[in-house]
Amino acid sequence: MTVKVRRQRPRRRVFWALVAVLLADLLALSDTLAVMSVDLGSESMKVAIVKPGVPMEIVLNKESRRKTPVIVTLKENERFFGDSAASMAIKNPKATLRYFQHLLGKQADNPHVALYQARFPEHELTFDPQRQTVHFQISPQLQFSPEEVLGMVLNYSRSLAEDFAEQPIKDAVITVPVFFNQAERRAVLQAARMAGLKVLQLINDNTATALSYGVFRRKDINTTAQNIMFYDMGSGSTVCTIVTYQMVKTKEAGMQPQLQIRGVGFDRTLGGLEMELRLREHLAGLFNEQRKGQRAKDVRENPRAMAKLLREANRLKTVLSANADHMAQIEGLMDDVDFKAKVTRVEFEELCADLFERVPGPVQQALQSAEMSLDEIEQVILVGGATRVPRVQEVLLKAVGKEELGKNINADEAAAMGAVYQAAALSKAFKVKPFVVRDAVVYPILVEFTREVEEEPGVHSLKHNKRVLFSRMGPYPQRKVITFNRYSHDFNFHINYGDLGFLGPEDLRVFGSQNLTTVKLKGVGDSFKKYPDYESKGIKAHFNLDESGVLSLDRVESVFETLVEDSPEEESTLTKLGNTISSLFGGGTTPDAKENGTDTVQEEEESPAEGSKDEPGEQVELKEEAEAPVEDGSQPLPPEPKGDAAPEGEKATEKENGDKSEAQKPSEKAEAGPEGVAPAPEGEKKQKPARKQRMVEEIGVELVVLDLPDLPEDKLAQSVQKLQDLTLRDLEKQEREKAANSLEAFIFETQDKLYQPEYQEVSTEEQREEISGKLSAASTWLEDEGVGATTVMLKEKLAELRKLCQGLFFRVEERKKWPERLSALDNLLNHSSMFLKGARLIPEMDQIFTEVEMTTLEKVINETWAWKNATLAEQAKLPATEKPVLLSKDIEAKMMALDREVQYLLNKAKFTKPRPRPKDKNGTRAEPPLNATASDQGEKVILPAGQTEDAEPISEPEKVETAGSEPGDTEPLELGGPGAEPEQKEQSTGQKRPLKNDEL
């Protein structure tokens, strides 16, 4: 037995160790369950989080505001964000960057770069010689790209979310404008990588707004389609979106609500910023006119003055939205000259008249792309801060022809709330109600290639082909495959944007390059040489347009097929064993499994490309992959072409044939494609039908990015390190400032306390002079040398002063606690004594406490009284300047010891059952105690059955029969006649038992 026990102990230890590790992992996982969203606007951003117990909450910044300005101030030794950076814009406008998102994914020749330079001439812009992108030159030593600045903002937003959630956060959903192209979306993803964020999805801000609207109105969505138009005019741009809400049937969750983006229209430069710039220009002209005869400089040449005017223009625009006129005033605008001028709403509307004329433009674009009319729109809902301008609402209302505009959504926070709901849906840590989201492609993408054709015998020419890969307003995310059937050697093809005729000439210039990528394939000819006896099924290129709207080329494969006839002799014992093992593990290889450069793919029928009716002999084909990702885990798969369905009878043999094909050729993975059964010769009855064997060879791919080259990995790593160093420097700076503030506060507070009576009472004059001298020396040191002092030096100085004042503070704190602690001790002693006295008065027949227990409690009470009296007497003899002997912690310890004894007896009394009463010979209970009430005696004493006064209580047995007998109830024989007990038992159990002699 001893040996067995020794052997089991290590196992138990290992088991409990594993349990402890598992619990630790679960606790660590629970600490990182939160996800966040960032609604990244041009002027401000909103951050929202979801964590266990906190569903969809907007994060408050350090100033307790729900939105934070997207402004960064970059100086040599420090950075400022949000409201702090906004205040620094007046002092140092050159180092304060705002509206830098307009430069993401833009090259030097883009019109938006020149527009940004005209709006903010104080910034010095340089250009990357390799990528031709923009950089901000803050100083000769400081240079940052827009992606790096955005990475700083995203990192700051994460710090706000982590402080609010009180746990680390890495997963995020970021909103982007719907008109962002591939280069701009990749730039945002690179900025998120620099910030160390894991982007679950880049969601279009209009889609996030529509999702928020649908989530909070889920009950209003039914099987009837509802078309809602969202008009979003923000600070930098305007977007109009038509969304259809409807209940749809999904494979996973049954009937679920769905939103589908039907139409989109936008204006990249129409927004509140342009209105503010018009107002700033107007105010600058008024100021110059006021100083016209003073030979003063133009206010437009002073960056600080222009920053003040822009801030005043922002305030003026907001006030004029609710007032007919307002007085603009700035103290010390330039050269200590104050500025004051009256501006009316009429003047403001005249300044922005051409802007208001552009308000209906996005509406018409959205209706055209959705192929809908205004009569089909049920409601128009306003989103964005600039829609609060009255003139915008008037023009829009007239354009849509509705009675009123919907304002039943939070114009500032809707996108952040929708994005964080999507973040929770994409996270594995949360389970949310499914809401199907079908976003739409704004810019179509196509594939272009050129091949040589023979039009006449001996006459060859080049033919240029285009195939639409992702059509405009088509749903995404989705995967597609395009097949090239007439190539047997290496070739190139191009991925470009499709028809962008819906964009104006200026928008096309801002859009940038319409060519995305050139794909160079290598190894096509080698694959044909490797399988000379196989029939080529073409070169298949697999494309993926993911949830973020970013296009990628997953892989390119060369596919071959041949007919294989299996004879009984070929199936050896080893082959049978391989087939058996293969069937146990799923019947074959997965499509992702690769070996020796080959792959296994399932035979799939293909449909021609959308809108690409080929000439006779054209063999390029396009199809959608069935494994397209599903939005929110509940979006139904896109409908497959009818040709994709396999004929009956093929599915049953597909698995078997595939397994045998793999066993025949162990060096290469192959899966048999099911095919019809070939007729067997009469003499070969055992000959198996012919089947298709498919071989896949992966083709080498070289991508040449044409729109905007991605940041090289080494440059990206440098940017990541640069941002990490800046963050570490900021944290060290904050820690040092905190230490310096703590030291300074301690000095001032302690100097003030030395003159308070309660501190003078417990200290001598010499002690106070010593402390005061040390504090004065520390204050002088902090003023003279504190600027260059390190964090460690500041903390050591603070620890030294605290140690010096520790005794003084201790004596004061103890004297403050004495009255409360002593009063509580007296109350506990009095109540304990009363409890002990009452316990001793309990009669011996009902006593539940032992003599030892009561004696122990009495001993603790007496000892506590004695300790209190002795300690108080000893404390009275000591001077107040000495360390006290009466300590609050000792009083608490005595109270805990006494309370423990009392609670033990109280718990015993609470759970102890009362002793049963003895019965006399007549069947009645013994006389009750003397202190029992008359009503109690009447209830417990049972009179003889023949007494006439108690004739009514004879009906008691019927009550017992109905309710059922309970443990401890009075016996029926004592309450009623001879037949009461048998009748009651018969009704309760359904069976009649024999009567006992005493019952008769």
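These numbers were taken from a predicted model, which means no experiment stands behind them. (Residues numbered from 1 in each chain as written. Predicted model: local features only at pLDDT ≥ 70, side-chain atom pairs only at ≥ 80, totals over all residues. Heavy atoms only, no water.)

### Topic: the overall build of the chain
Note the cut-off: We count a stretch as a helix when DSSP gives it H or I for four or more residues in a row; a strand needs E for two or more, and each element gets its number in order from the N terminus. The classification of residues rests on relative accessible area computed with a 1.4 Å probe and restricted to protein chains. Under 20% of the type maximum is buried, over 50% is exposed, and intermediate values are partly exposed. It only takes one pair of heavy atoms within 4.5 Å for two residues to be counted as in contact.
Helix and strand counts for the chain come out as 28 helices and 33 strands. A burial count over the chain gives 44% of its 1000 residues as buried. Residue pairs at least 24 apart in sequence account for 70% of intrachain contacts in the chain once pairs closer than 6 positions are excluded.

### Considerations on the confidence of the model for the chain
Just so we agree on the cut-off: Values of pLDDT, which run from 0 to 100, indicate the predictor's confidence residue by residue.
Taken over all residues, the pLDDT of the chain has a mean of 80, while the share at 70 or more is 76%. Contacts from residues 626-685, a stretch scored under 50 in pLDDT, to residues over four places away or in other chains number 119 contacts. Low pLDDT, under 50, characterises residues 928-1000; the predicted model gives this stretch 38 contacts beyond four residues in sequence or across chains.

### Points about helix α21 (residues 791-804)
What counts here: Multiply 1.5 Å by the residue count of a helix minus one, and that product is the helix's expected span. This arc corresponds to the set of directions leading from the helix axis out to the C-beta atoms.
Relative to the 20 Å expected for 14 residues at 1.5 Å per residue, α21 spans 20 Å between its end C-alpha atoms, a close match to the ideal helical length. Taken together, the buried positions of α21 are occupied by Thr-791, Leu-794, Leu-798 and Leu-801. Axial view of α21: buried residues confined to an arc of 100°, hence all on one face. Turned more than 90 degrees off the buried face of α21, the exposed positions are Val-792, Glu-796 and Lys-803.

### Details of the sheet that holds strand β33 (residues 700-705)
We count it as follows: Here the rule is simple: two strands pair whenever DSSP picks up at least two bridges between them. The axes used here are C-alpha line fits, helices contributing only the stretch in contact, and every angle between their N-to-C directions lies in the interval 0 to 180 degrees.
In space, the five strands of this open sheet follow the order β21-β20-β24-β25-β33, with antiparallel pairing throughout. Every interior strand has two partners, whereas the edge strands, β21 (459-470) and β33, have only one. Across the sheet, the axes of successive neighbouring strands diverge by a mean angle of 25°, strand direction being ignored. By the bridge criterion, four bridges tie strand β20 (residues 445-456) to strand β24 (residues 492-497) in an arrangement that is antiparallel. Across the sheet, the residue bridging to Leu-446 is Asn-496, located in β24.

### So, the environment of Pro-146
Position of Pro-146 among the secondary structure elements: in helix α4 (residues 146-165). As for Pro-146 and Phe-100, which are separated by 46 residues in sequence, their C-alpha atoms are 6.1 Å apart. Not counting chain neighbours up to four residues away, the residues in contact with Pro-146 comprise Phe-100, Leu-103, Leu-104, Val-134 and Phe-136.

### A word on the packing of helix α20 (residues 765-784) against α21
The condition is simple: An angle counts as roughly parallel when it lies under 35 degrees, as roughly antiparallel when it exceeds 145, as roughly perpendicular when it falls between 65 and 115, and as oblique in every other case. Polar here means any residue outside two lists: the nonpolar Ala, Val, Leu, Ile, Met, Phe, Trp, Tyr, Cys and Pro, and the charged Asp, Glu, Lys and Arg; Gly therefore counts as polar.
Put simply, α20 and α21 touch, their axes get as near as 10 Å, and they point 170° apart. As the angle between them shows, α20 and α21 are arranged roughly antiparallel. Between α20, through Glu-770, Ile-771, Lys-774, Leu-775, Ala-778, Trp-781 and Leu-782, and α21, the contact on the second element is made entirely by Met-793, Leu-794, Lys-797, Leu-801 and Leu-804. For the contact of α20 with α21, the class distribution of residues is nine nonpolar, no polar and three charged.

### Some remarks on the side chain of Gln-190
Relative to the elements of secondary structure, Gln-190 occurs in helix α5 (residues 182-195). Every residue in contact with Gln-190, bar those within four places of it in the chain, is listed here: Arg-131, Glu-147, Asp-710, Leu-711 and Leu-716.

### Considerations on the pattern of salt bridges
For clarity, the threshold we go by: What makes a salt bridge here is a side-chain nitrogen of Lys or Arg within 4 Å of a carboxyl oxygen of Asp or Glu, nothing more.
Within this structure, the stated rule accounts for 43 salt bridges. Among the salt bridges present, the one from Arg-315 reaches Glu-312, with a minimum N-O distance of 2.4 Å. You can see Arg-315 and its partner Glu-312 sitting in helix α8 (residues 303-320), three residues apart, about one turn around the helix. The exposure class of Glu-312 is buried, given its relative accessible area of 8%. Put simply, Glu-765 and Arg-768 hold a salt bridge, and the shortest N to O gap is 2.7 Å. On the criterion of helical spacing, the pair formed by Glu-765 and Arg-768 is a turn pair, its members being three residues apart in helix α20. Connected through shared salt-bridge partners, Glu-535, Lys-537, Glu-561, Lys-692 and Arg-694 make up one network.

### Regarding the pairing of strand β18 (residues 379-383)
For β18, the buried fraction is high: four of the five residues fall into the buried class. Inspection of the sheet shows strand β13 (residues 226-233) paired to β18 by five bridges, in the parallel sense. By the bridge assignment, Phe-230 is partnered in β18 with Ile-381.

### A look at the sheet that holds strand β8 (residues 125-127)
One key point about sheets: their strands pair by backbone hydrogen bonds, in either a parallel or an antiparallel sense. Read across the open sheet, the three strands follow the order β8-β9-β10; overall the sheet is antiparallel. In the strand order of this sheet, the two ends are held by β8 and β10 (143-144), each with one partner. Bridge count for strand β9 (residues 134-137) against β10 is two bridges, and the pairing is antiparallel. Bridge pairing in β10 links Gln-137 to Gln-143. Taken strand by strand, helix α3 (residues 111-119) contacts β8 and β9, and its axis lies near 155° from that of β8.

### With respect to the packing of aromatic side chains
Cut-off, in case you're wondering: Aromatic rings from Phe, Tyr and Trp, taking only the six-membered ring of Trp, are treated as a pair when their centres fall within 6.5 Å; an angle between ring planes under 30 degrees marks them as stacked, one over 60 as edge-to-face, and anything in between as tilted. Whether a charge sits over a ring comes down to the Lys NZ or Arg CZ being within 6 Å of the ring centre and within 35 degrees of the ring normal.
Throughout the structure, instances matching the rule amount to 28 aromatic pairs. Taking the centre distance of 5.3 Å and the plane angle of 65° together, the rings of Phe-484 and Phe-491 count as edge-to-face. By relative accessible area, which is 0% here, Phe-484 ends up buried. A residue is classified by how much of its surface remains accessible, and Phe-491, at 6% relative accessible area, is buried. Here Lys-753 stacks its cationic end above the ring of Phe-809, 4.9 Å away from the centre of that ring. Over the ring of Trp-781 we find Lys-797; its NZ or CZ atom is 5.0 Å from the centre of that ring.

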